[in-house]
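Understanding the architecture of this molecule
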Amino acid sequence: MVNPGGVPSRPDMSYDRSVMRGRLDGKVTLVTGASRGIGRATALAFARQGAAVVVNYSKAHEQAQRLVDDIQKAGAQAVAIRADVASRTEVRAMVEGTLARWGRIDVLVNNAGILHRGNILTLAEENLDEMIAVNLKGMIHCAQAVAPHMMKRRYGKIVNIASIAALGTTMADTTPYAAVKASIVALTKRFALELGPHGINVNAICPGFIRTDMTSVGTPQELDARVLSMAGRAMLGRVGAPEDVAAAALFLASDEASFITAQVLTVDGGRMDFLSHSG
Ligand code: NAP
């Protein structure tokens, strides 16, 4: 800043605090799989920016309730709702419960997901079925239940959490998971196509290796080795934290991203192991 005398002045810090607003002030948001990991960080980020949050979970009741208590203590609104996203009936009940409480849903983050390891020869059929039911059908159930209400108001943001596995990584024992996650990318673009004319933005995030319960398998030594190896594959030289993905979800859920739809945002620290076709 330059003052009339031409002398650089300090930035004007006397802004009017009444015009400072959270990026999701007054929005009603539903985050699936919010009891732990990426979903939990996303719910917290949303609440900090003024949103009311539905913390969905399927089993981890205590963790979901603790998160709700923390959000409420911080002065924001939240409620925990149990629903297995693989069940269309339970998802519909969750959405109806949210509408009964807050009257609308502005943002849906389809985050709930599971990972069953296995390759094309070793994966058990029930594990494949469960991944399809939770990771793929779960997103369809939630979008089908929420979209009609968003369409009525001609407003809505849907953020689907896919994975860099969808983009062609080479991590062992994740082939069926990768295939299911790849379908989320296609689904995101089709949802965006169908819902765009109704004022609804639909985007996907592809996280890289993020330290959560999902990736914390094996002995501490095995985990350390995996983290080191994954960090070594990223241009930024580190693995991700749930907050890294939450920040991207916050952007896509906010009106700052109102002209962005059908996009896939990769949040992986710049992974190099599937970057080049010629290297
Ligand atoms: P996480 O720590 O294992 O947490 C998974 C969350 O999903 C939990 O809150 C869990 O709640 C919930 N969930 C699981 N099954 C559910 C169901 N049937 N209905 C409702 N909620 C269910 O996993 P995360 O690492 O945060 O992963 C979150 C999302 O990011 C997943 O879609 C995952 O595929 C994706 N992702 C993760 C990574 C990574 O490196 N961590 C990388 C790429 C993509 P309950 O415990 O109550 O069941």
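The preceding data block contains the structure.
These remarks concern the structure in this document.

Rules used in this analysis
- Residues numbered from 1 in each chain as written.
- Predicted model: local features only at pLDDT ≥ 70, side-chain atom pairs only at ≥ 80, totals over all residues.
- Heavy atoms only, no water.
- Near = heavy atom within 4 Å.
- Polar contact = N/O pair within 3.5 Å; in protein donor to acceptor, adjacent residues only side chain to side chain.
- Areas by Shrake-Rupley, 256 points an atom, 1.4 Å probe, with all protein chains shown as cover.
- 1 Å grid on protein atoms, 1.4 Å probe; cavity = no way out; pocket = protein on both sides within 12 Å on 5 of 7 lines; lining within 4 Å.
- Sits in = over half its atoms within 2 Å of the grid points.
- Phe/Tyr/Trp six-rings, centres within 6.5 Å; stacked < 30°, edge-to-face > 60°.
- Lys NZ or Arg CZ within 6 Å of the ring centre and 35° of its normal.
- Buried < 20%, exposed > 50% of the residue type's maximum accessible area, 1.4 Å probe, protein only.
- Helix = DSSP H or I, 4+ residues; strand = E, 2+ residues; numbered from the N terminus.
- Pairing = 2+ DSSP bridges.
- Right-handed = clockwise from strand over helix to strand, strands pointing away.
- Axes fitted to C-alpha atoms, helices over the stretch in contact; angles between N-to-C directions.
- Contact = heavy atoms within 4.5 Å.
- Points joined across faces, edges and corners; volume = space filled by probe spheres on them.
- Nonpolar A, V, L, I, M, F, W, Y, C, P; charged D, E, K, R; others polar.
- Salt bridge = Lys/Arg side-chain N within 4 Å of Asp/Glu carboxyl O.
- Expected span 1.5 Å × (residues − 1).
- Arc of directions from axis to C-beta.

Digging into the site of the ligand
Around the ligand there are 32 residues in total, and Ser58, Lys59, Ala60, Tyr177 and Thr212 lie nearest to it. At 3.1 Å, a backbone N or O of Gly33 approaches an oxygen atom of the ligand. Its free accessible area being 900 Å², the ligand has 95% of it covered by the protein chains. In this structure, the ligand is accommodated by the largest pocket.

Some details on the packing of aromatic side chains
Enumeration over the complete set of coordinates arrives at zero aromatic pairs. Residue placement shows Arg101 over the ring face of Trp102; its charged tip is 5.3 Å from the ring centre.

Examining the pairing of strand S5 (residues 156–161)
Here S5 lies mainly inside the structure; six of its six residues are buried. Here S5 shows two buried faces, one formed by Gly156, Ile158 and Asn160 and the other by Lys157, Val159 and Ile161. Pairing of S5 with strand S6 (residues 200–207) involves six bridges; the strand directions are parallel. Residue Lys157 lies in a different strand from S6, and its bridge partner there is Asn201. Following the backbone out of S5, through helix H5 (residues 175–195) and into the adjacent parallel S6, one traces a crossover that is right-handed.

Concerning the sheet that holds strand S7 (residues 264–267)
Pairing in this open sheet of seven strands is parallel, and the strands run S3-S2-S1-S4-S5-S6-S7 from one edge to the other. At either end of the open sheet lies a strand with only one pairing partner, and these are strand S3 (78–82) and S7. Strand-to-strand twist across the sheet, computed as the mean angle between neighbouring axes with direction ignored, equals 20°. Bridge count between strand S2 (residues 52–57) and S3: five bridges; the pairing is parallel. Note on S3: the bridge partner recorded for Val53 is Ala78. Across the sheet, helix H1 (residues 37–48) lies against strand S1 (28–31), S2, strand S4 (107–110) and S6, angled at about 170° from S1, the strand it touches most. Against the sheet, helix H7 (residues 242–253) touches S4, S5, S6 and S7, its axis set at about 165° to S6.

What to know about the layout of surface pockets
Approximately 1,100 Å³ is the volume attributed to the largest pocket. Breaking the lining of the largest pocket down by element, the ones donating at least two residues are H1, S2, helix H4 (125–153) and H5. With three residues, the single largest contributor to the lining of the largest pocket is H1. Its residues assigned to classes, the lining of the largest pocket comprises 20 nonpolar, 15 polar and eight charged.

Some points on unusual backbone geometry
Phi at Arg154 takes a positive value of approximately 50°, unusual for a residue other than glycine. Position of Arg154 among the secondary structure elements: in the loop between H4 and S5. Take Arg154: its relative accessible area is 51%, and that puts it in the exposed class. The residue Asp173 is not glycine, and still its phi comes out positive at about 65°.

Notes on the pattern of salt bridges
In total, this model carries 11 salt bridges according to the counting rule given. A salt bridge links Asp273 to Arg233; its shortest N-O distance comes to 3.2 Å. Of the two residues, Asp273 is situated in the segment after S7 and Arg233 in the loop between helix H6 (220–232) and H7; the sequence distance between them amounts to 40 residues. The class of Arg233 is partly exposed, set by a relative accessible area of 27%. Note that Arg238 is salt-bridged to Asp244, the shortest N-O span being 2.9 Å. If you follow the salt bridges from partner to partner, you end up with Lys27, Lys157 and Asp255 in one network.

Some points on helix H2 (residues 61–73)
Here H2 spans 18 Å end to end across 13 residues, near enough to the 18 Å set by a 1.5 Å rise per residue. Buried within H2 are the following residues: Ala64, Leu67, Val68 and Ile71. With its buried residues spanning 100° around the axis, H2 presents them on a single face. Across H2 from its buried face, at more than 90 degrees, point the exposed residues Glu62 and Lys73. Contacts from the buried residues of H2 go to H1, S2 and S3. Gly75 sits one or two residues past H2 and shows a positive phi near 95°.

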